[in-house]
Amino acid sequence: MVSPLLVTGDGTLSYGAGSVTLPRADAREGAASKAADLQGSFSLADVSVAYGRDRVIEGVSMYIPPRAVTALIGPSGCGKSTLLRCLNRMNDELGNVHVGGTITLDGADIMGRAMDPVELRMRVGQVFQRPNPFPMTIWDNVAYGPRTQGIRKRSELDELVEESLKGAALWAEVKNNLKKHAFELSGGQQQRLCIARALATKPEVILMDEPASALDPISTQQIEDTIAQLKDSVTIVIVTHNMQQAARISDQTAFMLRESLDEPAHLVEMDETRKMFTNPDDARTESYITGRFG
Amino acid sequence: MSRSSRTRKARTAEATAKVVTGAIALSVVAVAIFVFVYIVYNGIGALDWTFFSEGPRDRGREGGILPIIVGTLYLIGATAGLTLPIGVLAGVYLAEYAPRNFTTRAIRLAITNMAGVPSIVYGLFGLAAFVLLAGFGRSIIAAALTLTCMTLPVVITATEEALRQIPQDLRQASLALGATRLRTIYKVVLPAAAPGIITGAILGLARAAGETAPILFTGAVFQMRRLPDGPSSQFMALPYHIYAQVTSVPGWNRELIWGTALVLVLGVSIVSVMAAWWRSVQRRKVKW
């Protein structure tokens, strides 16, 4: 089902069965001129992913706005996490994964030879499903990224560690115990440490792959609060299974679906979260959101 | 058959199984304890100051074993210096870089086979390759290279296993922060795997310390008047000393030989126990 990319007059970008409503061009330009330093927007055009011969995603086109939370939702196996990993090229590490189409970060092609994946990953951080702090102290965990970038000065690192832990709303709990082993923290604290670790490289975007799915409700609440705080300074793309969570924290929601195992997943609909959850355009979106399948 | 008699039968069978398996497991422990106690009982009398501070006299019937202990320490030190870097790097390659192809399978097969080669064959190989062909002569370096060949499979396998136990999540986290593969390995993966690697290496080296056959033709001597003074020096070693005394000294001194065996067993056990203890401390600190 390969059909040409259509951009219709009202700013709707259609591809195959899916259609994406982009923010109106004039609105985007207005926002950009308001704050010229706004960075961290992704544009995806006709993105496809194949594991070997198995095409898992096809024809995904979307615009991920800067300094906002974009949620990717959809049933298990619909390629949300795979799509997320395209954005920092972590799929490269899996081997035998082919990504097609175009992905640009602030206009720069991230899949071309000109983009070094190592540099890209300093600009696009990731938080994983299960908290995965390194087996070292809290301080060393947060300083890992900056040290990788070549920062050696202790005072500079100290500053970055404090700033990042504050950004992840963990500073108050650990400021007197920065030399403590990260594994002594609770699961929720560990996950916020992982957020702090990702913040320390000063990324423009943070990708989150179901960051709260392994946590209890209180820790989940804290992660969500952290995300709400962060979105003023960094773009967040979050994969979540939890519809309420998507509704609570995101500004934009994209619904992906793999209709059958024989065909690749595609983007069904993407819009402002409020609209997606109250009045979606597509009937499949509505039945997924209201819990009729998935 | 009534239900209660069936459960009673099952319970009896269960109890019997527990007793039988437990008794067999205990008998293994009993053998180990017996060997250890027997060596201690026979050898403890030899351990005095002279035993540790002097060389053998009267072809080993009198005196001490200082040059023998020193020779073994030199030999194992040299073996460790050769085995650890090669073994760890090879293990890193297999766990982190090796593609799944014919070459990798061939390397794995070679390592498995190396582990199965009898130690006397290593002795002959060492004689041919290091003593004669490479021209090292009968020396510490030739014997250490021979023991390295024998110990490498243990260290490589231990390294590979230890690295494989490190969760993939941890590598991903490092890569996602913009670290290269190399940095991920030496900053995150290797330190996390260090306890497993070191334990494996120590077990391999402990085994090497007790080997006679590989050093028989490659550098161990019956008697030396001085301590070894460099890598090309010949040396005396604990296992070879026991072997040589028992096979070629008429009227060998039982007590001194049991004492030598005790020193070997104690040395190896102390290092192994320390490694196990250190590992359990690290384990408690690091849980996945």
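Predicted model only: the values in this text are computed from it and were never measured.

1. Topic: the packing of helix H6 (residues 140-164) of chain B against helix H8 (residues 181-209) of chain B
A pair of packed helices can be characterised by two numbers: the angle between their axes and the separation between those axes.
Residue and element names in this part refer to chain B.
Moving on, step 1. Between H6 and H8, the shortest axis-to-axis distance is 8 Å and the interhelical angle comes to 150 degrees. Relative to H8, the element H6 is oriented roughly antiparallel. Here H6 and H8 pass one another in a crossing that is right-handed. Facing Leu147, Met150, Thr151, Val154, Val155, Ala158, Thr159, Ala162 and Leu163 of H6, the residues of H8 in contact are Val189, Leu190, Ala193, Gly196, Ile197, Gly200, Ala201, Gly204, Leu205, Arg207 and Ala208.
Moving on, step 2. Counted by class, the contact of H6 with H8 contains 14 nonpolar, five polar and one charged residues.

2. Some points on the sheet that holds strand S5 (residues 54-64) of chain A
All names here are of chain A.
Moving on, step 1. Here we have four strands laid out as an open sheet, ordered S5-S4-S7-S8, and antiparallel in their pairing. Pairing within the sheet leaves two strands with one partner each, and these edge strands are S5 and strand S8 (108-109).
Moving on, step 2. Examined bridge by bridge, strand S4 (residues 42-51) and strand S7 (residues 97-105) share eight bridges and lie antiparallel to one another. Note on S7: the bridge partner recorded for serine 43 is threonine 104.

3. Looking at the pattern of salt bridges
Moving on, step 1. On inspection of all chains with the given rule, the structure shows 26 salt bridges over all chains.
Moving on, step 2. For the salt bridge of A:Arg192 with A:Glu173, the shortest nitrogen-to-oxygen distance reads 2.8 Å. Taken as a pair, A:Arg192 in helix H7 (residues 187-199) and A:Glu173 in helix H6 (residues 171-174) lie far apart in primary sequence, 19 residues in all.
Moving on, step 3. Accessibility expressed as a relative area gives 3% for A:Arg192, which makes it buried.
Moving on, step 4. Linking B:Asp229 and B:Arg226 is a salt bridge whose minimum nitrogen-to-oxygen distance equals 3.4 Å.
Moving on, step 5. Here the salt bridges share partners, and the residues they tie into one network are A:Glu93, A:Arg121 and B:Arg181.

4. Structural notes on the pairing of strand S11 (residues 235-239) of chain A
All names here are of chain A.
Moving on, step 1. Among the five residues that make up S11, five are buried, leaving the element largely enclosed by the rest of the structure.
Moving on, step 2. The side-chain alternation of S11 yields two buried faces, one formed by Thr235, Val237 and Val239 and the other by Ile236 and Ile238.
Moving on, step 3. Bridge count between strand S6 (residues 69-73) and S11: four bridges; the pairing is parallel. Counted as the bridge partner of leucine 72 is valine 239 from S11.
Moving on, step 4. Relative to S11, strand S10 (residues 205-209) is paired through five bridges, and the arrangement is parallel. Residue isoleucine 206 lies in a different strand from S11, and its bridge partner there is isoleucine 236.

5. Brief notes about the nonpolar core
In a soluble, globular protein the nonpolar side chains are often hidden away together inside.
Residues and elements named next belong to chain A.
Moving on, step 1. Residues Leu165, Leu193, Ile195, Met208, Ile227, Ile236 and Ile238 are the most contacted members of the largest nonpolar core, which totals 45 residues.
Moving on, step 2. In terms of residue count, the dominant contributor to this core is H7 (five residues).
Moving on, step 3. Aside from chain neighbours lying at most four places away, what touches isoleucine 195 is Val127, Ala168, Met208, Ile223 and Leu230.
Moving on, step 4. Counting residues in hydrophobic clusters, the runner-up holds 30 residues, among them Leu72, Ile103, Leu120 and Met270.

The rules behind these values
Residues numbered from 1 in each chain as written. Chains lettered and ligands numbered in written order. Predicted model: local features only at pLDDT ≥ 70, side-chain atom pairs only at ≥ 80, totals over all residues. Heavy atoms only, no water. Axes fitted to C-alpha atoms, helices over the stretch in contact; angles between N-to-C directions. Helix = DSSP H or I, 4+ residues; strand = E, 2+ residues; numbered from the N terminus. Parallel < 35°, antiparallel > 145°, perpendicular 65-115°, else oblique. Left-handed = near helix turned anticlockwise from the far one by under 90°. Contact = heavy atoms within 4.5 Å. Nonpolar A, V, L, I, M, F, W, Y, C, P; charged D, E, K, R; others polar. Pairing = 2+ DSSP bridges. Salt bridge = Lys/Arg side-chain N within 4 Å of Asp/Glu carboxyl O. Buried < 20%, exposed > 50% of the residue type's maximum accessible area, 1.4 Å probe, protein only. Core = buried A, V, L, I, M, F, W, Y, C linked by side-chain atoms within 4.5 Å.

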